[in-house]
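A closer look at the structure
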Amino acid sequence: MKKVLKKTTLTFIITLLFLLIASEAMYGQSRRNKKENTDIWKYEIEGVQTGVQGTYLIKVWSYSPNANLAVEQAKKNAVHGIIFRGFAGSGRVPGQRALATNPNLEVEKQDFFRLFFAEGGKYLKFVSLTNDGAVAAEDRLRVGKEYKIGVIMSVNVDALRKDLEEAGIIKSLGRGF
Amino acid sequence: MKKLIITTILIICSVLPALSQAKKPTIMVVPSDLWCNTNGYMMEFDNQGTRVKLPDYKRAMQESADLMVVISKINELMTQRGFPLKNLESSLKSLETEAAETAMSSSRSGAELSESPIDKLKNIARADIWIQMTWTINTMGPRRSVTFVLQGLDAYTDKQVAGASGTGNQLIATELPIMLETAVLSHLDNFNGQLQQHFDDMFENGREITLRIRKWDSFDGDLMTEYGGDELGFQIENWVSDNTVQGRFSTADASENRMIFEQVRIPLYDANNRAVDARTWVRGLQRYLKDRFMIDSRITMRGLGQATLTVGEK
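Source: prediction; values computed, not measured.

**Description of the overall build of chain B**
Helix and strand content of chain B: nine helices and 14 strands. C-alpha extents for chain B along the principal axes are approximately 75 × 65 × 50 Å. Taken over 314 residues, chain B has a buried fraction of 27%.

**Overview of the domain arrangement of chain B**
Residue and element names in this part refer to chain B. Looking at chain B, the domain boundaries give domain 1 (27-98 + 117-203) and domain 2 (206-311). Averaged C-alpha coordinates put domain 1 and domain 2 at centres separated by 33 Å. Split by residue class, the side of domain 1 that touches domain 2 holds four nonpolar, one polar and three charged.

**Concerning the pairing of strand β3 (residues 50-55) of chain B**
Residue and element names in this part refer to chain B. Burial within β3 is sparse, with just zero of its six residues counted as buried. Bridge analysis of strand β2 (residues 42-47) against β3 gives six bridges, and the strand direction is antiparallel. Bridge pairing in β3 links Asn-47 to Thr-50. In this antiparallel pair of consecutive strands, β2 and β3, the connection spans two residues, and Gln-48 shows a positive phi of 50 degrees.

**Some details on helix α9 (residues 278-293) of chain B**
For α9 of chain B, built from 16 residues, the straight-helix expectation of 22 Å at 1.5 Å per residue is met to within 8% by its first-to-last C-alpha distance of 22 Å. Structurally, α9 of chain B contributes buried residues whose contacts are with β8 (207-215), α8 (232-242), β12 (258-266), β13 (297-302) and β14 (306-311) of chain B.

**Concerning the interface of chain A and chain B**
Taken together, the contact pairs 14 residues of chain A with 24 residues of chain B. Partitioning the side of chain A that touches chain B into residue classes produces three nonpolar, seven polar and four charged.

**A few points about the nonpolar core**
Residues Val-29, Ile-74, Ile-131 and Leu-211 of chain B are the most contacted members of the largest nonpolar core, which totals 58 residues. When residues are assigned to domains, this core turns out to be shared by domain 1 (27-98 + 117-203) and domain 2 (206-311) of chain B, each giving three or more. Formed by 28 residues, the second largest nonpolar core is a distinct cluster that contains Tyr-56, Ala-100, Tyr-123 and Tyr-147 of chain A.

**Side note on the pairing of strand β6 (residues 160-167) of chain B**
Residue and element names in this part refer to chain B. Of the pairings in the sheet, the one linking strand β5 (residues 143-154) to β6 comprises seven bridges and is antiparallel in character. The residue bridging Leu-150 from the neighbouring strand is Ala-164, located in β6. Once β5 ends, the chain turns through five residues before running back antiparallel as β6, passing Asp-158 with a positive phi of about 60 degrees.

**Quick notes on the confidence of the model for chain B**
Where the model shows low pLDDT, its predicted coordinates should not be examined in detail. Residues and elements named next belong to chain B. Residue-level pLDDT values for chain B average 88, and 91% of them are 70 or greater. Every residue in residues 13-18 is under pLDDT 50, and counting partners more than four places away or in other chains gives two contacts. With pTM at 0.81, the complex prediction returns an ipTM value of 0.77.

**Quick word on the sheet that holds β13 of chain B**
Hydrogen bonds between backbone groups are what pair the strands of a sheet, and the pairing can be parallel or antiparallel. Residue and element names in this part refer to chain B. Ordered in space as β11-β12-β8-β14-β13, the five strands form an open sheet in which the pairing is mixed. Two strands in the sheet have a free side with no partner beyond their single neighbour: β11 (250-254) and β13. Each strand axis lies, on average, 20 degrees off the axis of its neighbour in the sheet, ignoring direction. Taken together, the six bridges between β13 and β14 define a ladder with antiparallel strand orientation. When the bridges of β14 are listed, Ser-297 appears paired with Val-311.

The rules behind these values
Note on numbering: residues in each chain are counted from 1, in written sequence order. Lettering for chains starts from A, numbering for ligands starts from 1, and both go in the order in which the items are written. Totals for whole chains, interfaces and linings use all residues, but because this is a predicted model, local features are given only for residues with pLDDT of at least 70 and pairs of side-chain atoms are given and counted only at 80 or more. Numbering goes from the N terminus for both helices and strands, where a helix is a DSSP run of H or I of at least four residues and a strand is a run of E of at least two. Residue burial here comes from a neighbour count, namely the number of other C-beta atoms, placed from the backbone, that lie within 10 Å of the residue's own C-beta, with 20 or more meaning buried, 12 or fewer meaning exposed, and in between meaning partly exposed. Domain segmentation is taken from an automatic or database assignment of domains. Following the grouping adopted for this structure description, the nonpolar residues are Ala, Val, Leu, Ile, Met, Phe, Trp, Tyr, Cys and Pro, the charged ones are Asp, Glu, Lys and Arg, and the polar ones are all others, Gly among them. Whether two strands pair comes down to DSSP finding at least two bridges between them. For a helix, the expected span equals 1.5 Å multiplied by the number of residues minus one. By the criterion used throughout, residues are in contact when their C-beta atoms, derived from the backbone, lie within 7 Å. To define a nonpolar core, we join buried Ala, Val, Leu, Ile, Met, Phe, Trp, Tyr and Cys residues through C-beta atoms within 7 Å and take the resulting set. Values of pLDDT, ranging from 0 to 100, describe the predictor's confidence in every residue of the model. Fitted lines through C-alpha atoms give the axes, limited to the stretch in contact for helices. The angle between two N-to-C directions lies from 0 to 180 degrees.

If you want it as structure tokens, here you go:
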């Protein structure tokens, strides 16, 4: 009886250890993928509608093996896109230019942007999800081993521009006069 | 102690250039001639037998509420960007007040204010950059959309320095002012992006101006007369070449009576680190002609970017 109990405990511990290792491997993988996708800034942006004054309403398509992570990642991508890429027009919604006119700005000010785009960084102040981040069925696509998720976001461009101007990252229109 | 004073002076000298500010261009929003003509805000007059049509801004501002909405929205957004604009309506009112004051002013001895015909001619609303806007309403059944065009025009070089245009969504039962406001919001950021590029270019390559050289008929000679071993026109051209940023300019026209220099890039600051505009820059040429060849001349200017030097006398 004692021997059977010992064997069962051992089996339980081994199973538990296996599960722990497996979950860590999966979580670690997803974390790595998230970081990789963020580091290479793999996303697409399209204009949805002219937002209320001072904001852009955009749809950000982000790639991730985890659909929930893609939604979170989209916030970062949205702010990154508005600063460095701008977006093309869609139908009758006009595209917008990037806030940064210098194409090397991200490298030149990498210390600033590393902190700005860190987990829980300042970028979160300028972006908000519409519909609580609900993703329409047609905006959830499976591309190979990962998801391509389209999330509609509102980016407060006026506040973002002002913040970057005050930090001396981009120039204001009246600077030098 | 001596070291401290020298260090302080050096620090002040190094900081001064960073503190000096270039002369700020004025910008004003006006409706385009096309919009004024389409909406009936034109005035016609007879110019020596030729019928000439000109936009009637004053009547447009007094009668079109939509125009007021658009101008006010653009002014509001530009102020938010830290670049307040000159207001067309206020400028027109200032001109009227100034004209009335000039007409009524007299000294104790009864003398009136001096005003030449050229002063009267120049008494118009002025800006260095005009934002010219046009909108048209497109109707398809019950749906309406607005096509909106913004053009930023340099008053002196006649170049379009910024622009944005597009047609908004087709909407049913939406008020026109809301459609116009949306159009302004949709296009102004792109417009400002191009304006920023224009300013960046100006800070890098100098202010672009137009210079005209003319001569009074009382002048004993012309621009092809030899002075100091070369024709006066070439002497002037050499001075322009020596005093422009990287020698950038183009001679658009040259004859014995006049020369036109376009795309002249002048530095934003002089040797004493003071802000320079077309007039202060041409003052250097005026001094050069006087010191080197004993030729008097008169400078007339238009805003920051256009100057005319008439040689022969003041």
